[in-house]
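Here's the letter readout for the chains.
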Amino acid sequence: MLIGCPKEIKNHEYRVGLTPASVRELSSRGHQVLVQAGAGAAIGLRDEQYVAAGAAIEADAARIFAKADMIVKVKEPQPQECAMLREGQILYTYLHLAPDPEQTAALVKSGAICIAYETVTGVGGGLPLLAPMSEVAGRMSIQAGAAHLEKSKGGMGILLGGVPGVAPGHVVILGAGVVGTHALQMAVGLGARVTVLDKNVDRLRQLDLVFGNRICTQYSNVASVEEAVLSADLVIGGVLIPGAAAPKLVTRSMVARMKQGAVVVDVAIDQGGCFETSHATTHADPTFLVDGVVHYCVANMPGAVARTSTFALNNATIGHAVALADKGWKQALIDNPHLCAGLNVARGHVTYEAVARDLGYEYVPAEALFD
């Protein structure tokens, strides 16, 4: 198979879909790999390293899209990239379609086979291709939140961990999944006062056993979310419904009653966000104010630590990339129901039920396309 890896073009996106090690893995199995010139340069991955691993370097993204049987990326294709996709071509990347009707329509129109990292499931449960970026984003959320609590960044001017004689900041974490757990670890490490909310009592029990009286766990409902958010200095939104739009847990009226200079970091923004006041921002212009509350809603947070993120992502994605290249998309999906769960759009149909429901498409099961 001929596999293409174009340079990412989203604002301040420096990650790359394939590392030289991943290229070597594919080329050692007889596959050809085309990498766009400079695709990994921003994170220290030179073209010569890709060539040494077996890739050919192509100057132009359009030529990669025109030649490749499979495109491997990191972020969702931008409009000009969607226009270059063709019928039957495999696209293997993050998609986050539920809050993005324009991208969904473009992918349906293309006829391409679109496999989303974020809905591929794991043998033991969970979302193993989303997990590494959720780990990064969870840790970064505290880093970003702490920075924006500084007065010069628009915050109320508090040090998250406090100092002797001065109380630490209060961090509220909505969701005790991968994002929430990693945010929790960082917040506790900084010495903040931490409250984590979730509907999964077993998960809260696990966190309580690990962290003990260093954290407060609460069952998530409208009343407990409101109480926690109104007392918070920093709120982390880390809720996820796989493939679907994130639930709006924090309403506009709650935000209006939060502390002036408080910060919210909406890690769920890729799926539409869990704050009613959220809209996606970029690393170039990461925040905005609503009722005196700083909103940090960068849709590709891990792109800021692109080298760490790239290697973590490739560790998770390369196995399925090899399967798709070795077997072709149909056989790879037939053989592995967990990879099949990643198929979101194929041959002009929406094949992921939550996306079809949220965006008003007819749902066509992946299995219907295997004949």
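For the structure, check the block above.
The text that follows walks through the structure, step by step, so that each part is easy to find. Only a predicted model underlies this, so the values are computations on that prediction, with no experimental measurement involved.

About the cut-offs
Residues numbered from 1 in each chain as written. Predicted model: local features only at pLDDT ≥ 70, side-chain atom pairs only at ≥ 80, totals over all residues. Heavy atoms only, no water. Helix = DSSP H or I, 4+ residues; strand = E, 2+ residues; numbered from the N terminus. Rg over C-alpha atoms; globule rule 2.2 N^0.38 Å. Buried < 20%, exposed > 50% of the residue type's maximum accessible area, 1.4 Å probe, protein only. Expected span 1.5 Å × (residues − 1). Contact = heavy atoms within 4.5 Å. Salt bridge = Lys/Arg side-chain N within 4 Å of Asp/Glu carboxyl O. Pairing = 2+ DSSP bridges. Axes fitted to C-alpha atoms, helices over the stretch in contact; angles between N-to-C directions.

Turning our attention to the overall build of the chain. A tally of helices and strands in the chain yields 14 helices and 15 strands. Expected size for 371 residues packed as a compact globule is a radius of gyration near 21 Å; at 21 Å, the chain falls within 12% of this value. Taken over the C-alpha atoms alone, the chain extends approximately 65 × 45 × 35 Å along its principal axes. Expressed as a percentage of the 371 residues in the chain, the buried residues total 55%.

Once that is clear, we can look at helix H7 (residues 178-190). End to end, H7 covers 19 Å across 13 residues, agreeing with the expected 18 Å (1.5 Å per residue, within 8%). When H7 is considered as a whole, its buried residues turn out to be Val-179, Gly-180, Thr-181, His-182, Ala-183, Leu-184, Ala-187 and Val-188. Of the surrounding elements, those touching the buried residues of H7 are helix H6 (131-148), strand S7 (170-174), strand S8 (193-198), helix H8 (201-211), strand S9 (215-219) and strand S10 (234-237). Looking one or two places after H7, you find Gly-191, whose phi comes out positive at around 90 degrees.

Let us look at the pattern of salt bridges. Overall, the coordinates contain 15 salt bridges when judged by the stated rule. Salt-bridge contacts for Lys-75 lead to Glu-76; the nearest nitrogen and oxygen are separated by 3.5 Å. Each member of the pair, Lys-75 together with Glu-76, is buried. Between Asp-358 and Arg-357 there is a salt bridge, with its nearest N and O atoms 3.6 Å apart. Residue Asp-358 is classed as partly exposed on the basis of its relative accessible area, which comes to 33%. Counted as one network, the salt bridges with shared partners bring together Lys-10, Lys-75, Glu-76 and Asp-270.

Pairing is mixed across the open sheet formed by seven strands, whose spatial order is S9-S8-S7-S10-S11-S13-S12. Among the strands making up the open sheet, the edge pair consists of S9 and strand S12 (287-290). Going from strand to strand, the sheet's axes swing by 20 degrees on average, the running direction of each strand aside. Judged from the three bridges that link them, strand S11 (residues 263-266) and strand S13 (residues 293-296) form a sheet pairing that is parallel. Bridging across to S13, Val-263 finds its partner in Val-294. The strands touched by H6 are S7, S10, S11, S12 and S13; relative to S10, the strand with the most contacts, the crossing angle is about 150 degrees. Against the sheet, helix H9 (residues 222-231) makes contact with S7, S8, S9 and S10, and its axis sits at roughly 145 degrees relative to S7, the strand it touches most.

Take Ala-244: it is sitting in the loop between S10 and helix H10 (252-256). The exposure class of Ala-244 is buried, given its relative accessible area of 4%. Between the alpha carbons of Ala-244 and Ala-98 there is a distance of 5.4 Å; along the sequence they are 146 residues apart. The contacts of Ala-244, once residues within four sequence positions are left out, are Ala-98, Gln-271, Ala-354, Arg-357 and Asp-358.

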